[in-house]
Amino acid sequence: MSRTAIAILSTENLLHNLEVIQNKVKPAKIIAMVKANAYGHGLRSVSIRLDKHVAMLGVASIDEALALRKSGVKCDILLAEGVFEASELIVASTEKFQVVFHHASQIEWLKKSHCPLPLQAWLKVNTGMGRLGFSLNDAKNAYTQLCESPLIAKPIRVMSHFACADDPEHPLNAQQIKAFQALIQDLKIQDETNYSFCNSASLFAFKECYYDYVRPGIALYGISPLKGVTAQALNLKPVMTLQSSLISIQNMPKGASIGYGARYQCPESMPVGVVAFGYGDGYPISAKDGTPLLVNGIECPLVGRVSMDMLMVDLRPCAHAKVGDPVILWGQGLPIERVVEHTSNITWDLLTGVQHRVKFLWTPI
Ligand SMILES: Cc1ncc(COP(=O)(O)O)c(C=O)c1O
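Residues numbered from 1 in each chain as written. Predicted model: local features only at pLDDT ≥ 70, side-chain atom pairs only at ≥ 80, totals over all residues. Heavy atoms only, no water.

(A) Fine view of the pattern of salt bridges. Applying the stated criterion across every chain yields a total of 11 salt bridges. Asp186 is the salt-bridge partner of Lys140, the closest N and O atoms lying 3.9 Å from each other. Here the residue Lys140 occupies a position in helix 7 (residues 139–148), and Asp186 occupies one in helix 8 (residues 171–187), the gap between them amounting to 46 residues. Measuring nitrogen to oxygen at the nearest pair gives 3.1 Å for the salt bridge that ties Arg263 to Asp289. Here Asp289 lies in the loop between strand 13 (270–275) and strand 14 (292–295) and Arg263 lies in the loop between strand 11 (257–258) and strand 12 (264–265), a separation of 26 residues in the sequence. Among the residues examined, Arg263 registers a relative accessible area of 34% and is labelled partly exposed. (Salt bridge = Lys/Arg side-chain N within 4 Å of Asp/Glu carboxyl O. Helix = DSSP H or I, 4+ residues; strand = E, 2+ residues; numbered from the N terminus. Buried < 20%, exposed > 50% of the residue type's maximum accessible area, 1.4 Å probe, protein only.)

Spelled out as structure tokens, the structure:
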């Protein structure tokens, strides 16, 4: 029998989360962020499930976009970081990808390009994230250059990205919102253009910023984007449940140490289970003693440092557990948000870190 580490993925929960978001933001349209292998859930599997239900899918590179087309995905695709070299403009043009322009070098490539078809373009502006985007000072000039290019389809769309939306009270949010509003005035856009500003956290926190398109990522996968707010409170349901099983149980004497580095010492004689799931599967090595796990649906604490293929669990709360019993690492019944509280991770990096050797099982469409 092979390893029991599996990821169970719920089509129903994915579509439920999408519906929750759609109902919240309508008439704004959805650009579903499926970059980074759809946040670890599987680029193709997620995208074919969302294809008919969203306006666009957002990816990080042209490779991801081409993989989607190869899988038969029909809806529009946004290259959220634009092109990485001049030659990609031709591909983006023939494949009708929507291309973000965030840097002057990309406009220079455009000027020398021979795109066969006009490109659908987004101007990305840095309103405070401090990552990609033209500065507020340079945005107008970049916008004019794109407008003047015969290779760019009109209208050009405009987007920005929040830095601190997970913490709605953070003062940078108000600054970014003000800057985006001022930018729209400043560009004096004549055409019927479209704007996009919100990621998951901001669509739950800032109604005034929906504009034409919102770009949810983490919320689609059923995870709360807001600090201190549960997914349940937002009516989001986890798409991924990670599960494995107990492959050993031993009664350890008082004082016995558990795992590498002897980090945990048993305070009394106690049953300790070994779960076939480790950091080689994507479980965080930073998980501390006490990180919750669900054994037979009962919460039990992790003990000892996580190994590559295994981790250990204190079975005192579940004394009748036996070898072969199921253990949930996160997902149904154990929100990943609870797990990250005991690690140095964020939910985004845990999800994207799930490894290929874990078997992915999707519920039917
Ligand atoms: C440009 C852009 N938009 C939207 C998102 C989605 O963010 P979230 O997962 O917080 O919803 C991301 C994610 O990093 C992003 O880079």
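Back to the text.
(B) A look at the nonpolar core. Ranked by size, the top nonpolar core spans 117 residues in total, and within it Val34, Leu50, Phe101, Tyr283 and Trp330 carry the most contacts. Discounting residues that sit within four places of it in the chain, Phe101 has contacts with Leu89, Gln106, Ile107, Leu110, Leu119, Ala121, Trp122, Leu123, Lys124, Phe134, Leu146 and Ile152. Listed in part, the 10 residues of the second largest apolar core include Met252, Ile258, Tyr264 and Cys266. (Core = buried A, V, L, I, M, F, W, Y, C linked by side-chain atoms within 4.5 Å. Contact = heavy atoms within 4.5 Å.)

(C) Region of interest: the site of the ligand. As a matter of local geometry, the ligand sits amid 13 residues, with Tyr39, Ser200, Arg215, Gly217 and Trp348 nearest to it. At 2.9 Å from a nitrogen atom of the ligand is found a side-chain nitrogen or oxygen belonging to Arg215. Contacts to the ligand include Gly217, whose backbone N or O atom sits 2.8 Å from an oxygen atom. (Near = heavy atom within 4 Å. Polar contact = N/O pair within 3.5 Å; in protein donor to acceptor, adjacent residues only side chain to side chain.)

(D) Main features of helix 3 (residues 43–50). Burial within helix 3 is extensive, with 6 of its 8 residues counted as buried. Leu43, Ser45, Val46, Ser47, Arg49 and Leu50 are the residues of helix 3 that are buried. Lining the buried residues of helix 3 we find helix 1 (11–25), strand 2 (29–33), helix 2 (35–39), strand 3 (56–59), helix 4 (62–70) and strand 18 (359–362).

(E) Highlighting the pairing of strand 4 (residues 76–79). When strand 3 meets strand 4, the two strands line up parallel, connected through 4 bridges. When the sheet's bridge partners are listed, Met56 is paired in strand 4 with Asp76. Each parallel crossover has a hand, and the one from strand 3 via helix 4 to strand 4 is right-handed. Pairing between strand 4 and strand 5 (residues 98–101): 2 bridges, direction parallel. Opposite Leu78, over in strand 5, you have Gln98 as the bridge partner. Viewed along the sheet, the connection from strand 4 through helix 5 (residues 87–95) into strand 5 turns out right-handed. (Pairing = 2+ DSSP bridges. Right-handed = clockwise from strand over helix to strand, strands pointing away.)

(F) How the structure looks around helix 6 (residues 104–111). Every buried residue of helix 6 is listed here: Gln106, Ile107 and Leu110. Looking straight down helix 6, one finds its buried side chains confined to an arc of 100 degrees; they lie on one side. Buried-residue contacts for helix 6 involve helix 5, strand 5 and helix 7. (Arc of directions from axis to C-beta.)

(G) Looking closely at a nonpolar patch on the surface. Together, Tyr279, Ile285 and Met308 make up an exposed nonpolar region whose accessible area comes to about 290 Å². Mapping Tyr279 onto the fold places it in the loop between strand 13 and strand 14. (Patch = residues over 30% accessible without salt bridge, like charges linked within 9 Å, V, L, I, M, F, W, Y side chains within 5 Å. Areas by Shrake-Rupley, 256 points an atom, 1.4 Å probe, with all protein chains shown as cover.)

(H) View of unusual backbone geometry. For the peptide bond that leads from Lys26 to Pro27, omega is 15 degrees, which places it in the cis range. Structurally, Pro27 can be placed in the loop between helix 1 and strand 2. Note that the residue after Lys154, namely Pro155, is joined by a cis bond; omega there is 0 degrees. Mapped onto the fold, Pro155 is located in the loop between helix 7 and strand 7 (157–159). Of note, Ala262 is a non-glycine position whose phi angle comes to about 50 degrees, a positive value. Relative to the elements of secondary structure, Ala262 occurs in the loop between strand 11 and strand 12.

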